[in-house]
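Listed below, chain by chain, are the residues.
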Amino acid sequence: MLPSNVVRRQRLRLAACLLLFFPGALAAQEALASGASGDVLALSADLREDQTAHLWRVGAWGAANVAGGLVLIALSDLEADRMRRAFGIQSAAWGAINMGIAGIGLASGPGEASGEWAAAFGAENGYADILLVNLGLNVGYAAVGTTMYVAGRRGAPNADLWKGHGAALILQGAGLFVLDGIAYLASRQRLGGLVELVDATALTVTASGVGVTVGF
């Protein structure tokens, strides 16, 4: 027999999936005990604050890479320091992209916090999924960079360029992995908090469709 907390989590996931993927066919009702909606609102507000903080960290990482990359380019001889120059070019380019992404995100804003459990859970779950995809991409960047660097070490044509660009990609993948990892762990904690708020979840089938009652 499954532990009660496992059963509750399974029922919650089923209810959340129905709410998220079949909104037109569902009637969602939330019976909130005293203070529960405030807890949901607090977790939702924490998400918005963390999204903003994460974008600032990504922007700062990007700015550091632009500054460092431009310095390396300026101090590198076009022929004698090809590896260092390639590293600087790749770093500056990635830094500019990251600054642009952060700037667009900060300009558009994280949206309003919600005291409704379904909305808060959907927003948090979507954010966690995006971060998880980004973590996978970061590993891919580092893997591509490693391949390029190894190719340069093994005597590929323009070996210094391969090594410079490859080393920069490894650094970008590792740096972004750390930043996205910090945000992802925080998101998972908030998702856990939302799950813990649920005391009972019941699914009912009526003539009008499927109903979801989430009790706190």
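Residues numbered from 1 in each chain as written. Predicted model: local features only at pLDDT ≥ 70, side-chain atom pairs only at ≥ 80, totals over all residues. Heavy atoms only, no water.

A.B. asks: Hey, could you run me through the packing of aromatic side chains in this one?
C.D. replies: For any pair of aromatic rings, the description consists of the separation of the ring centres together with the inter-plane angle of the planes. Taken as a whole and judged by the stated rule, the model has two aromatic pairs. Relative to F121, the ring of W117 lies with its centre 4.9 Å away and its plane at 20 degrees, an arrangement referred to as stacked. Of this pair, W117 and F121 are both found in helix α4 (residues 117–153), four residues apart, which corresponds to roughly one turn of the helix. We classify W117 as buried; its relative accessible area is 0%. Residue classification places F121 among the buried residues on the basis of a relative accessible area of 9%. (Phe/Tyr/Trp six-rings, centres within 6.5 Å; stacked < 30°, edge-to-face > 60°. Helix = DSSP H or I, 4+ residues; strand = E, 2+ residues; numbered from the N terminus. Buried < 20%, exposed > 50% of the residue type's maximum accessible area, 1.4 Å probe, protein only.)

A.B. asks: Explain the layout of surface pockets here, please?
C.D. replies: Each pocket or cavity is described by its volume, and for the largest pocket that value is around 420 Å³. If you go around the largest pocket, you meet 18 residues; those closest to its centre are H54, V58, I101, N134 and D180. Contributing elements (two or more residues each) for the lining of the largest pocket: α2 (36–75), α3 (82–108), α4 and α5 (159–197). When residues in the lining of the largest pocket are grouped by element, the largest group, seven residues, is from α4. Taken together, the residues of the lining of the largest pocket sort by class into eleven nonpolar, six polar and one charged. (1 Å grid on protein atoms, 1.4 Å probe; cavity = no way out; pocket = protein on both sides within 12 Å on 5 of 7 lines; lining within 4 Å. Points joined across faces, edges and corners; volume = space filled by probe spheres on them. Nonpolar A, V, L, I, M, F, W, Y, C, P; charged D, E, K, R; others polar.)

A.B. asks: Would you mind going over the packing of α4 against α5 with me for this structure?
C.D. replies: In a pair of packed helices, the angle between the axes and the distance between the axes together describe the arrangement. Look at α4 against α5: their axes get within 7 Å of each other, and the N-to-C directions meet at 160 degrees. Between α4 and α5, the crossing angle belongs to the class labelled roughly antiparallel. Between α4 and α5 lies a crossing whose hand is left-handed. A class-by-class count of the residues in the contact of α4 with α5 yields 26 nonpolar, eleven polar and five charged. (Axes fitted to C-alpha atoms, helices over the stretch in contact; angles between N-to-C directions. Parallel < 35°, antiparallel > 145°, perpendicular 65-115°, else oblique. Left-handed = near helix turned anticlockwise from the far one by under 90°.)

Function cannot be inferred from these measures alone, as they are strictly geometric.
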